[in-house]
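Read off the chains here:
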Amino acid sequence: MSSPFLNYLTNNHIPSTDEVPQIRAFVEQEQAVIAQIDDEIELAEEALNALKARRAKHMANVNGNLALLSIVRSLPIDILTSIFMATFAEYKTYDGPPRISGRHPSVVLSHVCRQWRQLALSTPLLWNEIRISTPEYPHSPDSAEARFALQLRGRPARLSLRGPTEMQQQAYSQDVEQWWKKVVQLRRATEAWLSRSKNCPLTIHLHIRQPILEIDTNPSLKEGPLMEIFDLICKQSGWWKGAHFRVPICGPGSPLNKVLYLPLHEVPRLESLELNFDVTHPPNPNRQEIVSQITLLQSPLLRSLKLCRFIGTPLTLPVNWSTLTELRVSSTYHASVQVQDALTLLRKCRNLVRCSLELDPSAPVSNNNNNAASTCTDHQETSETSKSVIHLPSLESLSIIARSLLPLGLAASFSLPSLRSIEFWGPQSFQPEWVKTLGESLTECTFNYAFLTPSTFHSCLENLPNVTKLRLSGDSLYDRTANREVALTKEILEKLSPTVTLIGDKEVVERPQLCPRLERLYCILGGSPSDFTERDLVEFMAAKRRKFFDVANLSESPDSSSSQNRRPRSDGDDGAEEGSSKIRMTSLTARLQFVYVKFADIKEIDIPKLLRERNVDMEDFLFTITYPYPNDSRPRRPTVLTVGVPENSDTMFI
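Residues numbered from 1 in each chain as written. Predicted model: local features only at pLDDT ≥ 70, side-chain atom pairs only at ≥ 80, totals over all residues. Heavy atoms only, no water.

Per an unreviewed UniProt entry, the protein goes by F-box domain-containing protein and derives from Candolleomyces eurysporus.

So this is what it looks like as structure tokens:
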């Protein structure tokens, strides 16, 4: 019903005395209608809610019964266990397994349902890799660490002459209380993990965070849950298969050393040992002597040894070097291993499969008559060090870290028949003689070309005919604006790319001049002048992503179904559909799978768009491009472009 005063609603009409009662009566009539409609809406909402409840009930029945048909319920226990193990392995990183916590994948799997919990708790391999990281003990408010932390947050670091305020002391006490609660939770979790491992061979990752020196000054820390964690670990030492300890060297009397100085008969199964020596402040003057007394180094079954932040020569350690298959020695900035000591050490490690050494090439290396580097004379093994060639028949991977140029003739000192991967880290650590001597057998190679001439760089690539993974850096690190000849140019990319000719309607490939089997390319380009451009990279990726056909099969009819004239596929070949027949792709040219490039110039073109315009096949292809941030950008962050599915941490290598 419309209002009798409808014409007055849109103007400034003032109701008269006679009109006011009529307006009130009309309003009351409309309010009664509204109340009736509200009642109808309420009834409709109740009916709708009832329908929704009925629907939810039936949907729950449907979902419950569909769950009965789930294929997971019918999986055999062994397959479900394999899925659990694969899930756990997916969360491992280069640092090891995830830390023990409520978000650990094994814990999450055990909380899905009763059956999964029973299976997870009865699978010791889900719990036998234990990563324990103690919480950092809070800094006292009058400590140097506390002042440094305030400076990092931009706050004044000066302390009152009267000492810490009452509020600071209360905050410190609360932090200590919270620390104790975290340690208690960690002790309970450690006990649960060890009980669930059920005497399965253990891999222990223990990280003691700084400032652990509080243990020596705070007697309350020498007892309680923190020491109980160490006791729990040591009680299971008979089942240790791997031990990875990141601990400070505090001296022989430190309670932390109980995990390092166990008797040999208590670690009969130890095969892998990693020691990361956090530097204490001030450093212990007898640090090397303390490390040499660690009993775990004498384990009879030790096969893998990693020494991180090591100071001194490893030759002083009581290790049975001849049994090692993996060795890694990295040190602090001012204390790398001398080349002479490294050569002497490698002579002792006859069974190495993987090796990584951080060297200090500053000391001269004596040469023999064949201009090959030989080791320094060892007064205990004079006859051993007099040999000119170090024969490592099983070595497959070699990584060398050096902050200056390695001495010439060093490559000729080795006989490495099984070597497949070699890495040189450092702007001047690479000598071309290494690829000239060993390049034929290499499938992976990493080096810095910043200080190579274009002709030398080209020659190095010529000596890598079988490399599938190539990692290059043109970053001079200390001098990005240094005048240097451009080495990784457009011409080099063209020689890394196959050339294509048309025979009829077929694209025929001729193998690249350089690295024909290259599948994965990593590049960090230098500063000014730049190497290749973005468009050069697009041309390279487009050329290496084409599907090519072997010239020998071009005469086959696409409609032919006979397989008598087809050449068999060899390992590493790919097939391409053409009509009803499969034509073998050439094995001389590998198809590009991954590209990582870090440009020194800011982004100028849209690389994915250009690749799409050229109809480049992007299936199973990943590339990551990194650009520096523009000078006027906020926040100042580099631009990272990733296309494809990332593979763990493979995109970042330097």
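The structure having been displayed, the exposition proceeds.
K.L.:
Help me out: how do you make sense of the overall build of the protein in this one?
P.N.:
Each helix and strand counted, the protein has 16 helices and 22 strands in total. Counting over 654 residues, the protein shows a buried share of 44%. Counting contacts in the protein only where the partners sit at least 6 residues apart, residues at least 24 apart contribute 70% of the total. When the accessible area of the protein is evaluated, it comes to approximately 35900 Å², of which 51% is carbon and sulfur surface. (Helix = DSSP H or I, 4+ residues; strand = E, 2+ residues; numbered from the N terminus. Buried < 20%, exposed > 50% of the residue type's maximum accessible area, 1.4 Å probe, protein only. Contact = heavy atoms within 4.5 Å. Areas by Shrake-Rupley, 256 points an atom, 1.4 Å probe, with all protein chains shown as cover.)

K.L.:
So what exactly am I meant to see when it comes to the nonpolar core here?
P.N.:
Nonpolar side chains tend to gather and get buried jointly when the protein is soluble and globular. If you look at the biggest cluster of nonpolar residues, it comprises 132 residues, and the most contacted ones within it are Trp240, Phe245, Trp434 and Phe447. For this core, the element with the most residues is helix 6 (residues 166–197), which contributes 8 residues. Once you skip the residues sitting within four places of it in the chain, tryptophan 434 turns out to touch Leu398, Ile400, Leu406, Leu410, Ala411, Phe414, Ile422, Phe424 and Gly439. (Core = buried A, V, L, I, M, F, W, Y, C linked by side-chain atoms within 4.5 Å.)

K.L.:
Sorry, what's going on with a nonpolar patch on the surface here?
P.N.:
The grouping of Met59, Val62, Leu66, Leu68 and Leu69 at the surface amounts to a nonpolar patch, some 490 Å² of accessible area in total. Tracing the backbone through its elements, the reader meets leucine 66 in helix 1 (residues 19–68). (Patch = residues over 30% accessible without salt bridge, like charges linked within 9 Å, V, L, I, M, F, W, Y side chains within 5 Å. Salt bridge = Lys/Arg side-chain N within 4 Å of Asp/Glu carboxyl O.)

K.L.:
Hey, could you run me through the pattern of salt bridges in this one?
P.N.:
Pairing is possible between side chains that carry opposite charge, provided their charged atoms lie close to one another. A complete count under the given rule lists 9 salt bridges for this structure. Note that arginine 187 is salt-bridged to glutamate 191, the shortest N-O span being 3.3 Å. On the criterion of helical spacing, the pair formed by arginine 187 and glutamate 191 is a turn pair, its members being 4 residues apart in helix 6. Judged by relative accessible area, glutamate 191 falls into the partly exposed class, the value being 40%. A salt bridge links lysine 306 to glutamate 326; the nearest nitrogen and oxygen atoms lie 3.7 Å apart. One end of the pair, lysine 306, is in strand 5 (residues 304–310); the other, glutamate 326, is in strand 6 (residues 326–331), and 20 residues separate them in sequence. Overlapping salt bridges bring together Arg187, Glu191 and Glu228 as one network.

K.L.:
Just checking my understanding: could you explain the side chain of threonine 295 for this structure?
P.N.:
Checked against the element boundaries, threonine 295 lands in the loop between helix 9 (287–292) and strand 5. Of the residues examined, threonine 295 reaches a relative accessible area of 19% and is grouped as buried. There is a polar contact of 3.2 Å between the side chain of threonine 295 and the backbone oxygen of leucine 260. Excluding its chain neighbours within four sequence positions, the residues that come into contact with threonine 295 are Leu260, Tyr261, Leu262 and Leu264. (Polar contact = N/O pair within 3.5 Å; in protein donor to acceptor, adjacent residues only side chain to side chain.)

K.L.:
Sorry if this is basic, but what is going on with a negative patch on the surface here?
P.N.:
Together, Asp38, Asp39, Glu40, Glu42, Glu45 and Glu46 make up a region of like negative charge exposed at the surface. Residue placement: glutamate 40 occurs in helix 1. When its relative accessible area of 49% is taken as the criterion, glutamate 40 is described as partly exposed. (Lys, Arg positive; Asp, Glu negative; His and termini not counted. Charge placed at Lys NZ, Arg CZ, Asp CG, Glu CD.)

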